[in-house]
Each structure stands twice: as C-alpha cells, then as structure tokens.
Amino acid sequence: MTSVHLEVAEGVGTIRLDRPPMNALDIALQDRLKVLAEEATAREDVRAVIIYGGEKVFAAGADIKEMQAMDHAAMVARSRGLQDSFTAVARIPKPVVAAVTGYALGGGCELALCADFRIAADDAKLGQPEILLGLIPGAGGTQRLSRLVGPSKAKDLIFTGRMVKADEALTMGLVDRVVPAAEVYEQARQWAARLAQGPALALRAAKESVDAGLETDIDTGLAIERTWFAGLFATEDRERGMRSFVEEGPGKAKFL
C-alpha cells in the first residue's frame, strides 16, 4: 500500500499523505512524494495542487526509528534524495497550497514550506524540533523557513525546537490563513479551484519569477520578470484576457 496518493478532480490535484497515525515521512514516502510531484507537474489536467495529510495530522516529521538506524555514510547517501523529494514539490510550476491540520513538525513543516500558500487549522501546531535530536532541519528548513519568515524568527524556531500554535504561526508569516479545523481542506480546495480556472502560463510565469527572483539580485530578478512578461504576449491566454477586458470589462475572461 502506497503512503501518498494523487487524486485529481476539476483541475485540482490533491497529494494526500496516508501513513497513519502521524504521516511519518519515511524514505518510501519521500520517494513516492517526488514521483507524484513530478506527475502533478506533467499532467495537463492538474492546474493547481493541494498538499494534505488528512483531517487529524499533516505530518509529524521524519520516521525517527528509520533515521536512528542510519550512520553518517548512510545519511550522506540519502540526504540528497530527501531534499530532492521536497524540492520536487516546491518546483511544481502551478499554484500549490498546503492544508495543515494537527501537527506539521520537522519534515512536515518543511513540506508545508514548499507550498505557495498555507491554510492551517486553528488547533494546528508547527515547528522545527530537529535541534532536540541533536540535528538541524535537513529537508530545506534552514533555507525556506528563513526566506519566508526572516532569519531571526527562523533561528528562534530552529535553535529552540519549540512548536508554535496557529495564531503565532499566522502572526510570524509561517501560515497565511487560519480556519476551523473542519474547514481546512475545503478552504484549500476553494483556493486551488479558483486558480485552476486562471491562465496557466501566466501563473507559471508569476510563480517562477517570484521564486527565481528571491534567489538572486534585483537586476537579475527584473531580467527574469521582463523575459516572462514579454513571452506571455505570445500566448493565447494573453490574447483572450486582453480581448475580454476590452469587450466585457475586467475580471470576466475565461481561460479554459
């Protein structure tokens, strides 16, 4: 039985973690996650993506028992595969939302960081507790967390290993919306469904311009933006969007 699935409906692909009780991110799940992220990237019927762990828990972290059995050589061999599985999610060139319920700790928090937008349950708890194991985050936490919330807040979470509740996570920018636990998936579905109706190439251009621009200096970032902006003038969606604006007014274009 696979521990993560991709389900597609009405343009929205849900990558569903399914390894009860806590969705521990073992090697098999990591590898399968990468495969499904690449599938979501390639499939034309997937126009937006939800990352979801179910009603009770998003993901409580890595499989510690599996990791405990690994020595230095084994982790040197594995660490790239660990990062690559999460990077595959971060590089899905479509809007991605994490629907966070229960715990998103360690690798679970790092997985949520790979999304473009995070909707959390009001009783959710997030954190990077690796320091309590004598480790640091190894699936992108030191990099993506600091880029999202700033280095000081990231160091607070990483140095102490403390968990933050949803309200504090919202205040620091770790999550973007907090809703009742029973509404998390539906809110994520609405967010994804709205964007699934949008211009796919423009959304891809916007995402890649922001993400690539954050990794470089302002002049290079502006060059990336300029290239994408001009390139979109060759697309049918641009023609449709501008024609609709002129003939019908703003916000009425249909892109499917």
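Right above here is the structure, for reference.
Residues numbered from 1 in each chain as written. Predicted model: local features only at pLDDT ≥ 70, side-chain atom pairs only at ≥ 80, totals over all residues. Heavy atoms only, no water.

**Q** Got a minute to help me understand the nonpolar core in this structure?
**A** Burial of nonpolar side chains together is a common tendency in soluble globular proteins. Judged by nonpolar contacts, the single largest core of 61 residues is most densely connected at F58, V100, L126 and L174. Examining the composition of this core, we find that six residues originate from one element, helix α8 (residues 184-196), more than from any other. With sequence-adjacent residues up to four places away left out, L174 is seen in contact with C109, L113, R118, L126, L145, L148, V149, L157, V164 and A169. (Core = buried A, V, L, I, M, F, W, Y, C linked by side-chain atoms within 4.5 Å. Buried < 20%, exposed > 50% of the residue type's maximum accessible area, 1.4 Å probe, protein only. Helix = DSSP H or I, 4+ residues; strand = E, 2+ residues; numbered from the N terminus. Contact = heavy atoms within 4.5 Å.)

**Q** What's the story with the sheet that holds strand β7 (residues 125-127) in this structure? I'm lost.
**A** Two orientations exist for strands paired in a sheet by backbone hydrogen bonds: parallel and antiparallel. On the basis of which strands lie adjacent, the open sheet formed by three strands has the order β5-β7-β8 and mixed pairing. Sheet topology places β5 (103-105) and β8 (163-165) at the edges, where each strand pairs with a single neighbour. Neighbour to neighbour, the strand axes of the sheet diverge by 20 degrees on average, direction disregarded. Pairing between β5 and β7: three bridges, direction parallel. Bridging across to β7, A104 finds its partner in L126. (Pairing = 2+ DSSP bridges. Axes fitted to C-alpha atoms, helices over the stretch in contact; angles between N-to-C directions.)

**Q** Looking at this model, I keep getting lost on the side chain of E110. Mind explaining?
**A** Tracing the backbone shows E110 in helix α4 (residues 107-113). There is no salt bridge for the buried E110, and the closest opposite charge comes from R144, which lies 6.8 Å off by N-O distance. Within polar-contact distance, the side chain of E110 engages the backbone nitrogen of G140 at 3.3 Å. If we ignore the near neighbours within four places in the chain, the residues touching E110 are F86, Q128, E130, P137, G138, A139, G140 and G141. (Lys, Arg positive; Asp, Glu negative; His and termini not counted. Salt bridge = Lys/Arg side-chain N within 4 Å of Asp/Glu carboxyl O. Polar contact = N/O pair within 3.5 Å; in protein donor to acceptor, adjacent residues only side chain to side chain.)

**Q** Any chance you could explain the pattern of salt bridges here in plain terms?
**A** A side chain with one charge can pair with a side chain of the opposite charge if their charged atoms come near. Within the structure shown, the criterion is met by 15 salt bridges. With a closest N to O distance of 3.2 Å, R147 and E215 form a salt bridge. Of this pair, R147 sits in helix α5 (residues 141-149) while E215 sits in the loop between α9 (200-214) and α10 (218-231), placing them 68 residues apart in sequence. In this structure R147 comes out as partly exposed when scored by relative accessible area, which is 45%. We note a salt bridge from E168 to R162, for which the minimum N-O separation is 2.6 Å. What makes R162 partly exposed here is its relative accessible area of 27%.

**Q** Even after reading the chapter, I still don't get the packing of α9 against α10, so can you show me in this structure?
**A** Between two packed helices, both the angle of their axes relative to each other and the distance between the axes serve to describe the pair. Across the interface, α9 lies against α10 with an axial gap of 9 Å and an inter-helix angle of 170 degrees. The angle between α9 and α10 falls in the class roughly antiparallel. The segment α9 lies against α10, with R204, A205, E208, S209, A212 and G213 engaging G221, I224, E225 and W228. (Parallel < 35°, antiparallel > 145°, perpendicular 65-115°, else oblique.)

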